[in-house]
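If you want the building blocks of each chain, they are given just below.
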Amino acid sequence: SAVISQKPSRDICQRGTSLTIQCQVDSQVTMMFWYRQQPGQSLTLIATANQGSEATYESGFVIDKFPISRPNLTFSTLTVSNMSPEDSSIYLCSAPRGSSYNEQFFGPGTRLTVL
Amino acid sequence: EDQVTQSPEALRLQEGESSSLNCSYTVSGLRGLFWYRQDPGKGPEFLFTLYSAGEEKEKERLKATLTKKESFLHITAPKPEDSATYLCAVLWAGNNRKLIWGLGTSLAVNP
């Protein structure tokens, strides 16, 4: 099984600033996913990050707000830009367990609070 | 209209008291139904995938079943360590690249 780590585990940020979240997988994976989990809401996919190509964003999420990097097969970053209190959430990264990319390993999450 | 609905929202059981969690879905053309467990402060942990009505999967005290409209996660003789939020998600023909997640059932098992 893959082990996924995220940094930071939590942060408190001021409105208008940006935060970059790092996600490290202990094995090479083709796809990595970024999710948002807000209180009272279901897990929501932000984007899919493939190495060597631009991330694919889901409806309602744009690259200017959530730029993603995927420099290699074990690492990805998600930046939350120009933050507002509505961005307060848990951000999770994940990677497929095997050939079925819907069976996923998840990182522990980054709890972001925007004041 | 919610496409994936989990019930109950919260469930409290005594150790050893068996019960079931429900995940109902309204999408057509199901490509897969997935169960995950999430402990506080952690990411979801994959449990099962079910693909067709009548299919069952088991793991320790957990058994997942699937019909054409819903899935049940049966918990037999639960222990306090089974306390967690259980999430289900579906993959359907209309969007076979993205899971649709339910809100989860928060399970507490008292010793």
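See the structure above.
Residues numbered from 1 in each chain as written. Chains lettered and ligands numbered in written order. Predicted model: local features only at pLDDT ≥ 70, side-chain atom pairs only at ≥ 80, totals over all residues. Heavy atoms only, no water.

Participant: Please clarify how the nonpolar core should be interpreted in this entry.
Facilitator: Across soluble globular proteins, nonpolar side chains have a tendency to be buried as a group. The biggest cluster of nonpolar side chains holds 27 residues, and the ones touching the most others in it are W34(A), I46(A), F66(A), I68(A), L78(A), Y91(A) and L112(A). Mapped by element, the contributors of at least two residues to this core are β3 (19-25), β4 (31-37), β5 (44-50), β8 (75-80), β9 (89-96) and β11 (110-114) of chain A. When residues of this core are assigned to their parent elements, the largest contribution, four residues, is made by β3(A). Ignoring any residue separated from it by four or fewer positions in sequence, one finds I46(A) in contact with W34(A), Y35(A), R36(A), T56(A), Y57(A), E58(A), F61(A), F66(A), L78(A) and Y91(A). Listed in part, the 24 residues of the second largest apolar core include V4(B), L50(B), L66(B) and L107(B). (Core = buried A, V, L, I, M, F, W, Y, C linked by side-chain atoms within 4.5 Å. Buried < 20%, exposed > 50% of the residue type's maximum accessible area, 1.4 Å probe, protein only. Helix = DSSP H or I, 4+ residues; strand = E, 2+ residues; numbered from the N terminus. Contact = heavy atoms within 4.5 Å.)

Participant: Can you walk me through the interface of chain A and chain B in this structure?
Facilitator: Bring the parts together and some accessible area is lost; that lost area is often taken as the interface size. Listed by partner, the interface residues are 20 residues for chain A and 19 residues for chain B. Regarding the contact of chain A and chain B, the summed buried area is about 1,500 Å², with carbon and sulfur atoms giving 51% of it. At the boundary of chain A with chain B, the tally comes to zero salt bridges. Elements represented by at least two residues in the side of chain A that touches chain B include exactly β4, β5 and β10 (104-106) of chain A. Split by residue class, the side of chain A that touches chain B holds seven nonpolar, ten polar and three charged. (Buried area = accessible area lost by both parts, 1.4 Å probe. Salt bridge = Lys/Arg side-chain N within 4 Å of Asp/Glu carboxyl O. Nonpolar A, V, L, I, M, F, W, Y, C, P; charged D, E, K, R; others polar.)

Participant: What is the right way to read unusual backbone geometry from this model?
Facilitator: Both trends apply: most residues other than glycine have a negative phi, and most peptide bonds are in trans. A cis amide bond, omega -5°, links K7(A) with the succeeding residue P8(A). In this structure, P8(A) sits in the loop between β1 (4-7) and β2 (10-13). Each neighbour pair has its own omega, and for S7(B) with P8(B) the value is -10°, a cis peptide bond. In this structure, P8(B) sits in the loop between β1 (4-7) and β2 (10-14). Although it is not a glycine, N82(A) sits at a positive phi angle of roughly 45°. Tracing the backbone shows N82(A) in the loop between β8 and β9. Residue class for N82(A) comes out exposed when judged on its relative accessible area of 55%.

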